[in-house]
Structure formats: C-alpha cells, structure tokens
Amino acid sequence: MSVAPVPELEDCAAACAEHLHAARDVLLVSHIDADGLTSAAIAATALRRAEIPFETVFKKQLDTDEIAAVAATDHETVLFTDFGSGQLDIITDYAAGEFTPVVADHHQPADASTEFHLNPLLFGINGASELSGAGASYVLARALENGNTTETADNRDLASLAVVGAVGDMQATSGELIGANRAIVEEGVDAGVLTERVDLALYGRQTRPLPKLLEYSSDVFVPGISNSERGSVGFLSDLDLDLKRDGEWRTWVDLTDGERQTVASALVQRALERGVSPDKIDDLVGTTYTLPAESVGTELRDASEFSTLLNATARYDRADVGLAVCLGDRDEALDRARHLLRNHRRNLSEGLQWVTNEGVTREEHVQWFDAGTHIRETIVGIVAGMALGADDVDHACPIIAFASKNDDETKVSARATHGLVQQGLDLSQVMGEASSAVDGAGGGHDIAAGATIPVNRAREFIEHADRIVGEQIE
C-alpha cells in the first residue's frame, strides 16, 4: 500500500489497525456531514470485512457531554472518524481507565496526545486540501487488510467513497484533488471504481436539465446566464444544437463530446464578453470524478452530487439513511435520501434568499450575518459558503454566519477562499481563539471552520474575529 506520501502515516495506520484487530469490539463514532458519513461507511466496511464486531453512532459535535456518554458505554475501544483530533484533550481525560481511543481525523489537533492518532497534520500533510476525514479512514481501511481472515481483503473499492468525502469537504476547489487524495484517486481508478476527466466544473452534470445547470451555477457567475432562467434558455437556444429530447431538455451527460465542447466554448466566450475575469473563467473547467458502477443520470454517479445527497441526510437527523446509501442500499434508503435532498435544496435556496434580502454586515476585516432561527444551524455554513459567491458579497473577505442552536448556544460558521488562505488566513485559529474569548469552543480548517458560543455573545465574538483576521492577513 502506498496511499500516503509519507511512510510514517502508513506506519501509524498499521498500529491503529493492529489494535483494532485485537479489540473485543469497537464503537465507531463519526461526524454527520458528507465527509463524516463516508468516513463511517469506509471504516464500517473495513471493520466488517476484518470480522471485528462494532456498533456505529453519529454525533453533530464532540463536546464534554457527548464524550462522557461514549465513555459510559461498555466498549473497550472507540474509533472516532472525521472528528476527535480537536477534542483529544477531553477524550483522553474521559478515556482513562474506560476505553482506548483510536482517532482517524484531519482537523487541527488539540494540545494532547494518544497512542492511536491517525491525522495527516501530524505528518506534514495538509488536512484541509490533501487528505479528508474519509481519506484518513481509507488509509486505515487499507491497513486493516493485513490480518483479515476473509477473501475480501482488498479495500481499494472504498476509494470511491473517500473521493466523495474529499469532494464534499471542498478539497477539490482548486480544480482537482491533490496530495494524498490524488493517490486515493489513482487507486480507485486502478480498482475500477472511479473515472476522472477534465470537464465543465458545474454542479448537476448528471441530474440537472441544461438550462438549470447553467442558471444555478454559483461558483462562476456569468452575467445574463447565471440566476436567469430566461438567459440560460436563450443562450442554449441560440446554439446550433439539438439540446432537447422528446421536448425535454437534455442533461450534460446526455450530450456527446462534440456537443459538450460546443456548449463549453460558447459559455467561455459569453463569459469573456460579459467581463468575467480570466481566472474565474478557468474555474469553469476542472477534474470531475465519476463512480462508474452507479447509474448514469443519478446523483450517485457524480462525486459532487453524491456528497450533496449525503449532506441532505444527517443534517436533518437521518445519518442512518446516508450511511445505508454509502453501504449500498439503492431502494428504501436512496428514496428517503432523495426526499431529504429535495427538502435540503429548498432550505438552502430559502436560506440564501434570506441572506440576499437581509444583506451582510461589513467590519474592517470580516463580513457576517446572524440568521437566528431563519436558517437551520446544521446548514448555515453551507449557506455562508454559497453567499460568498453571490454578487453583493465581497469575495475577498471571509464571511461568518450565526444561527440559533438552542436556548443557550449559538452556532458559528466561517468560510473563505483559497486566495485568502494563501494570504495567511486560518479560520481554524480564528474560530478557536475568538470562541475561547467568549467562553465557547471552535476549530476546523483554514478555509472553513466553526464554533459554538453562548447566546448573546455574537457581537463580542465578531470583534475578536475581526482583530485576529486583521493580524493574519495584514
């Protein structure tokens, strides 16, 4: 196995796998977003194939109460996936004499250590862009092959889920997956569970009718087409192509290579004519990742659409549905996931419209909005990221969003661009320090992070965050 670019990471995975093989049973605890669900599915499949008894639970976050609940179970070994590193100080306190923690994560570690801690950041690998939580679980899954007693010891087929997790964690925003993620892609291609190609990098290539594909594109705003049903239909109608079938608009995957080239070239030309900058136009094209075993024209065939489907499950308290889909249920669970996805899309659209109507407040170094109960706290970070690509929001300024979590707590989500990160921005540090200053807790990645703070402390939090961002990028 050579997934990791440094052998020390694989050595760590081997040590974690050896402990798991020796465990009486395992409690698998995972986060609820797309990266967390795929992390859990990868780990669960690898544990099952290794004939290691386990039970799976999901948590929105790991705080003192949740970790105490984990410690109260009778499991001697607990495997944390896609979180745990940032809470390692609390975990080690509760684990003493109760359970042995195994952590497969990619978030910034707390100032604590444990014997079985698989995190790319500990080995010089960027956890925000080079290996996701699902990627860490995949490295562990490959290590778990050693010692398997079954014939199905090759876990390379799980590379497709690792790529879905990485894409869902926004690790392909530079146009393709890089670093250790790249090695996983190559293993997936070799195993026949992934294909990759350079293509139009717009969300919905599998499922959206062509006009909607262009109209709803938010990553690259093309005046006269984006956010305009009439404009997108008019643009496509002017092309010398038959883009309908039986009176219905075709999807991107329905087109021939020649037809795709014609549409893409015309779209680039229109973007140039409307003043879109060359660097943004470059974002129209990127590397796409396809799961060839899934049916053409379904959400599961495209890594990006698959990840969005998963986000629509656990964020609405149905992590079991997302996990079942990852594990192969294409009947009841998939139907339920699609219903949740329709609801999720509606909520995101309404949330973005609320931000558009209310606007954002601009400080010296950050911009922010407080959605209160208008936007669900489990999706406010996604809405913030979408808002960062909107016309009336400054792309060169990080955005912070607040939403009510309960009567006592407020959820905080922050999003930025790769350009800001290159200037020195680290939202993980911002969320951690600003939340600590107001008696909260936070962390995450340099480009996307979150926190939980006491109610009525948002204004104070913003003051700290604005100061910290200013110190980072000035």
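Residues numbered from 1 in each chain as written. Predicted model: local features only at pLDDT ≥ 70, side-chain atom pairs only at ≥ 80, totals over all residues. Heavy atoms only, no water.

**Quick notes on the packing of aromatic side chains**
In the structure shown here, the tally under the stated rule is four aromatic pairs. Both rings, one in Phe80 and one in Phe99, keep their centres 6.4 Å apart while their planes meet at 50°; by these two values the pair is tilted. Of this pair, Phe80 sits in strand β3 (residues 77-81) while Phe99 is found in the loop between α4 (88-95) and β4 (100-104), placing the two residues 19 residues apart along the sequence. With 6.0 Å between their ring centres and 85° between their planes, Trp368 and Phe402 make a pair best called edge-to-face. (Phe/Tyr/Trp six-rings, centres within 6.5 Å; stacked < 30°, edge-to-face > 60°. Helix = DSSP H or I, 4+ residues; strand = E, 2+ residues; numbered from the N terminus.)

**Focus: the sheet that holds strand β10 (residues 361-362)**
Strand order in the open sheet formed by six strands is β10-β11-β12-β13-β15-β14, and the pairing between neighbours is mixed. In this open sheet, the two edge strands, each paired with only one partner strand, are β10 and β14 (441-444). Bridge count for strand β11 (residues 367-370) against strand β12 (residues 399-404) is four bridges, and the pairing is parallel. Within β12, the residue paired with Asp370 across the bridge is Phe402. Along the sheet, helix α15 (residues 380-387) makes contact with β11, β12 and β13 (409-415), crossing β13 at roughly 35°. (Pairing = 2+ DSSP bridges. Contact = heavy atoms within 4.5 Å. Axes fitted to C-alpha atoms, helices over the stretch in contact; angles between N-to-C directions.)

**Quick word on helix α14 (residues 332-358)**
Structural remark: α-helix, 3.6 residues per turn; residues separated by three or four positions point the same way. An ideal rise of 1.5 Å per residue puts 39 Å on 27 residues; α14 measures up with 39 Å between its terminal C-alpha atoms. Where the residues of α14 are buried, they touch α12 (303-314), α13 (319-326), β11 and α15. Phi turns positive one or two residues past the end of α14, at Gly359, with a value near 80°. (Expected span 1.5 Å × (residues − 1).)

**Here we look at the pattern of salt bridges**
Taken as a whole, this structure holds 30 salt bridges when the rule is applied. Where Asp317 meets Lys60, a salt bridge forms, and the shortest distance between an N and an O atom there is 3.7 Å. Within this pair, whereas Asp317 is found in the loop between α12 and α13, its partner Lys60 is found in the loop between β2 (54-58) and α3 (64-71), the two being separated by 257 residues in sequence. Looking at Lys60, the relative accessible area reads 39%, which means it is partly exposed. Arg182 is the salt-bridge partner of Glu196, the closest N and O atoms lying 2.7 Å from each other. Placement of Glu196 in strand β6 (residues 195-200) and of Arg182 in helix α7 (residues 180-191) is noted, with a sequence separation of 14 residues between them. (Salt bridge = Lys/Arg side-chain N within 4 Å of Asp/Glu carboxyl O. Buried < 20%, exposed > 50% of the residue type's maximum accessible area, 1.4 Å probe, protein only.)

**Re the packing of helix α1 (residues 7-22) against helix α5 (residues 133-144)**
Between two packed helices, what matters for the description is the angle formed by their axes and the separation of those axes. Where α1 contacts α5, the two axes come as close as 8 Å, and the packing angle between them is 60°. For the element pair α1 / α5, the angle class is oblique. Pair α1 / α5 crosses with right-handed handedness. Contacts from Ala13, Ala14, Cys16, Ala17, Leu20 and His21 in α1 reach Val139, Leu140, Ala143 and Leu144 in α5. Its residues assigned to classes, the contact of α1 with α5 comprises nine nonpolar, one polar and no charged. (Parallel < 35°, antiparallel > 145°, perpendicular 65-115°, else oblique. Left-handed = near helix turned anticlockwise from the far one by under 90°. Nonpolar A, V, L, I, M, F, W, Y, C, P; charged D, E, K, R; others polar.)

**Focus: the sheet that holds strand β1 (residues 26-30)**
The strand order across the open sheet built from five strands is β2-β1-β3-β4-β5, with neighbouring strands paired in parallel fashion. Single-partner strands in this sheet number two, and they are β2 and β5 (116-118). Strand-to-strand, the axes of this sheet are offset by a mean angle of 20°, without reference to chain direction. Relative to β3, β1 runs parallel, the two being bridged by five bridges. Across the sheet, Ser30 pairs through a bridge with Thr81, a residue of β3.

**Quick look at the UniProt feature "domain: DHH-CID" (unreviewed entry) in the protein chain**
As annotated in UniProt, the feature "domain: DHH-CID" (unreviewed entry) corresponds to residues 202-285 in the numbering used here. Helix makes up 44% of residues 202-285 and strand makes up 6%, while its end C-alpha atoms are separated by 8 Å. (UniProt positions renumbered as here; feature names shortened; annotations may be inferred.)

**A few points about the pairing of β3**
Of all five residues in β3, five are buried; the element is thus mostly enclosed. Across the two faces of β3 the burial is the same, with Thr77, Leu79 and Thr81 and Val78 and Phe80 all buried. In this structure, β3 lies alongside β4, joined through five bridges in parallel fashion. Across the sheet, the residue bridging to Thr81 is Ala104, located in β4. With respect to chirality, the unit in which β3 leads through α4 into the neighbouring parallel β4 is right-handed. (Right-handed = clockwise from strand over helix to strand, strands pointing away.)

**With respect to the packing of α12 against α13**
Direction vectors running N to C along α12 and α13 enclose 150°, while the axes themselves pass 6 Å from each other. It follows from the interaxial angle that α12 and α13 lie roughly antiparallel. Contact residues: α12 offers Phe306, Leu309, Leu310, Thr313 and Ala314, while α13 offers Ala319, Val321, Gly322, Val325 and Cys326. Residues belonging to the contact of α12 with α13 are distributed by class as follows: eight nonpolar, two polar and no charged.

**Side note on α5**
With 12 residues, α5 ought to run about 16 Å at 1.5 Å a step, and its terminal C-alpha atoms sit 16 Å apart, in line with that. Residues of α5 that are buried include every one of Gly133, Ala134, Gly135, Ala136, Ser137, Tyr138, Val139, Leu140, Ala141, Arg142, Ala143 and Leu144, and no others. At the N-terminal end of α5, a side-chain oxygen is found 3.3 Å from the backbone nitrogen of Ala134, two or three residues along, and the residue is Ser132. (Polar contact = N/O pair within 3.5 Å; in protein donor to acceptor, adjacent residues only side chain to side chain.)

**Considering the side chain of Ser137**
Tracing the sequence through the fold places Ser137 in helix α5. Residue Ser137 is classed as buried on the basis of its relative accessible area of 1%. Within the local environment of Ser137, its side chain forms a polar contact with the backbone oxygen of Ser39, the two atoms lying 3.4 Å apart. Setting aside residues no more than four positions away along its own chain, Ser137 makes contact with Ser39, Ile42, Thr81 and Ala104.

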